[in-house]
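# Summary of structural features
Chain by chain, the residues:
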Amino acid sequence: MNSEEETKGFPITREQVIESFKLVKKKGEAAGVDGITIDDIAANPRKHLYPVWNRLASGSYFPPAVRRVEIPKSDGGRRSLGIPTIKDRVAQMVIAKELEGTVDHHFSPNSFGYRPHKSAHQAIEQARENCWRYPWVIDVDVKGFFDNIDHELLMRAVRKFTDKKHILLYVNRWLKAPVQLKDGTQLQNMNRGTPQGGVISPLLANIFLHFVFDKWMEKNFSENPFERYADDIIIHAKNEPEARHLLKSLKARFEQCKLELHPEKTKLVYCNRKGRRKRKEAKERQFDFLGYTFRSRSVMTKEGTLIFGFSPSISPKSTKRIAEEGRRLRFHRWTHMDVFGLSLALSSKIVGWLNYFGKFHKSAMKVAFRNWNRRLVKWAFNKYKRFKRCKTLRPARLWLRQISKEYTYLFPMWQHGFTP
C-alpha cells in the first residue's frame with residue numbers, strides 16, 4: 001500500500017475498486033443517468049475508477065441519482081426498477097463484498113437468494129421435499145417489499161452486524177439517493193425503500209429479512225420449515241389450523257416492521273398427493289415459486305413407477321414469458337441469416353432456459369418451445385422462395401423437421417427432444 005492510501009480516512013484500496021469493476025462488467029448492465037457505459041470505463045479505467053476510489057476512501061463519495069424504469073409484470077401491472085450509474089454500481093460492489101463477508105455466515109440455511117454457494121434450484125429442491133412431508137403451504141407475498149423497507153429499521157439491522165463507519169455511512173447515503181424519472185424529474189428518497197436493481201439492495205434485503213422473518217421464525221415457529229429467496233417466501237405446516245395461526249402471526253409481525261402482506265397473493269395451499277385424503281374445502285391446490293408451479297402431478301419414483309405426487313415444473317407465467325421473448329425478437333424475419341447463423345444468435349437464450357427450467361420435470365417445457373419452433377418454421381417460409389410459392393407452412397415445417405433430425409445440435413431444445 002503506498003503513502004497516498006495510508007493517508008485516506010477509510011480502509012478502501014484501489015484493488016478493491018478494480019476487482020469490483022470486473023464483477024460489474026461481467027453482468028453487462030445498462031448505463032445510468034450519466035450515460036457512461038461499461039465499455040467507456042474499460043477504455044479508460046484510470047479516468048473513471050480513480051475518482052471512485054479517491055472519494056470512497058476519503059468519505060466524500062455521494063451517489064448520483066438512480067434512473068427509474070418501469071418493466072411489465074406478469075399480472076399486467078408495472079414494476080419500478082432502479083438503475084444506478086456504472087461507477088455507482090462499482091462503489092456499491094466494494095461495500096457489498098466487504099459487508100457480505102461479515103454477515104453471510106450468520107444467515108439462515110433456509111435463505112437462498114443472492115448468496116454465495118446458494119441457488120434457486122436448491123430452494124426449489126428443498127421446497128419439493130418439504131411439500132412431500134408437510135400437507136400445507138403458506139405462499140407469502142410481501143406487498144411492495146423493496147419500495148417499503150423502512151430506513152431506520154434497516155440501518156438498525158445493519159448495525160447489528162457491523163460498526164464500521166464507512167459501511168454505515170455509504171449504506172445510509174445509498175438509501176437516501178435521489179431517483180430520476182423518465183422526464184428528468186428527481187425525487188428525494190428520505191424514509192423508506194431501496195432501489196430494486198442496485199448491487200447492494202439484495203444484500204440489504206437479506207439483512208432486513210434475517211431479523212424480520214428468519215430469526216423470528218426460528219424463535220416462534222421452529223417446527224415449521226421454510227424457503228426464502230429474497231422476499232419470495234414459502235412456509236410449510238402440518239395442518240390447516242397451524243397454517244392459519246402462523247399466517248395470522250406473520251401478518252402481525254410484518255405490520256410491526258412496517259410492511260404488509262399482499263391480501264390476495266398471500267394464500268394457503270393444500271399439497272395433495274398419494275397417501276393424503278382429498279380436501280374439497282381447500283380452494284388453492286398449487287402455488288408458484290421462482291418461476292416454477294408446484295402442483296399435483298404424476299411423478300416417476302426411483303424404482304421407475306408412476307405415482308401421484310406434488311412437484312414443480314415450469315410455470316405458465318414462465319412459459320408465456322419465453323413465448324413473448326420470441327415475439328419481441330421477431331427472429332422469423334431474420335432472413336439475412338442462414339440456419340447456422342440463426343442458431344448462433346439464439347442458442348445462448350435457449351441454453352439458459354433449459355438449464356434453469358429443465359432442472360425439474362423438463363418435459364413440461366414442450367409447450368414453451370412449441371412457440372419457438374413455429375417461429376422457426378415461419379423463418380424458413382420467409383427465407384426460401386420455394387416455400388412461399390406453396391402458400392402454406394407445411395413444406396417449411398417438413399423441411400425444418402428433417403433439418404432437426406440431421407442437425408440436432410443446431411438448436412439446444414432439439415437436443416432435448418423438443419423438435420418441430
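Conventions and cut-offs
Residues numbered from 1 in each chain as written. Predicted model: local features only at pLDDT ≥ 70, side-chain atom pairs only at ≥ 80, totals over all residues. Heavy atoms only, no water. Buried < 20%, exposed > 50% of the residue type's maximum accessible area, 1.4 Å probe, protein only. Helix = DSSP H or I, 4+ residues; strand = E, 2+ residues; numbered from the N terminus. Pairing = 2+ DSSP bridges. Phe/Tyr/Trp six-rings, centres within 6.5 Å; stacked < 30°, edge-to-face > 60°. Lys NZ or Arg CZ within 6 Å of the ring centre and 35° of its normal. Core = buried A, V, L, I, M, F, W, Y, C linked by side-chain atoms within 4.5 Å. Contact = heavy atoms within 4.5 Å. Expected span 1.5 Å × (residues − 1). Arc of directions from axis to C-beta.

### Details of the pairing of strand E3 (residues 136-141)
A large share of E3 lies buried, amounting to five of its six residues. Pairing between E3 and strand E7 (residues 232-237): six bridges, direction antiparallel. Bridging from a neighbouring strand, Asp-141 pairs with Asp-232 of E7. Strand direction decides the pairing type here: E3 and strand E8 (residues 267-270), joined by four bridges, are antiparallel. Looking at the pairing, Val-137 lines up with Val-269 of E8.

### Quick look at the sheet that holds strand E5 (residues 186-187)
Spatially, the four strands line up as an open sheet ordered E2-E1-E4-E5, and their pairing is mixed. Two strands close off the open sheet at either side, each with one partner strand: strand E2 (78-83) and E5. Taken together, the two bridges between strand E4 (residues 179-180) and E5 define a ladder with antiparallel strand orientation. What sits directly across from Val-179, in E5, is Leu-187.

### Considering the packing of aromatic side chains
Aromatic ring pairs: the centre-centre distance and the angle between the two ring planes describe each pair. The tally for this structure, following the rule as stated, stands at 30 aromatic pairs. Note on Phe-145 and Phe-146: the rings are 5.2 Å apart at their centroids and 80 degrees apart in plane angle, and the pair reads as edge-to-face. Across the pair, exposure class does not vary: Phe-145 and Phe-146 are buried alike. Consider the rings of Phe-331 and Trp-334, whose centres lie 6.3 Å apart with planes at 65 degrees: the pair is edge-to-face. Members of the aromatic cluster, joined through ring pairs, are Phe-10, Tyr-61, Tyr-170 and Trp-174. The ring of Tyr-50 carries Arg-46 above its face, with NZ or CZ at 4.9 Å from the centroid. The aromatic ring of Phe-62 is capped on one face by Arg-173, whose charged end is 3.8 Å from the ring centroid.

### So, the nonpolar core
Core analysis: the largest hydrophobic core is formed by 70 residues, its most contacted members being Ile-12, Phe-145, Ile-207, Phe-213, Ile-235 and Phe-254. Ranked by the residues each element gives to this core, the list is headed by helix H10 (residues 201-220), at 10 residues. Filtering out sequence-adjacent residues up to four positions away, Phe-254 remains in contact with Val-142, Leu-209, Val-212, Phe-213, Ile-233, Leu-259 and Leu-261. In this structure, Ala-120, Leu-329, Trp-372 and Phe-387 belong to the second largest nonpolar core, which totals 49 residues.

### Topic: helix H2 (residues 14-27)
Given a rise of 1.5 Å per residue, 14 residues ought to cover 20 Å, and the 21 Å separating the end C-alpha atoms of H2 matches this to within 8%. Three or more residues of H2 are buried, namely Val-17, Ser-20, Phe-21 and Val-24. For H2, the buried positions fall inside an angular range of 105 degrees around the axis, keeping them on one side. Residues of H2 that are buried sit in contact with helix H3 (38-43), helix H4 (45-58) and helix H5 (86-103). Within two residues after H2, Gly-28 carries a phi angle of roughly 60 degrees, on the positive side.

### Quick notes on the environment of Phe-287
Mapping Phe-287 onto the fold places it in strand E9 (residues 287-289). Along the sequence, Phe-287 and Thr-185 sit 102 residues apart, while their C-alpha atoms lie 39 Å from each other. Not counting the four nearest positions on each side in its chain, Phe-287 is found in contact with Cys-131, Val-137, Asp-139, Ile-234, Lys-267, Val-269, Tyr-292, Thr-293, Phe-294 and Phe-310.

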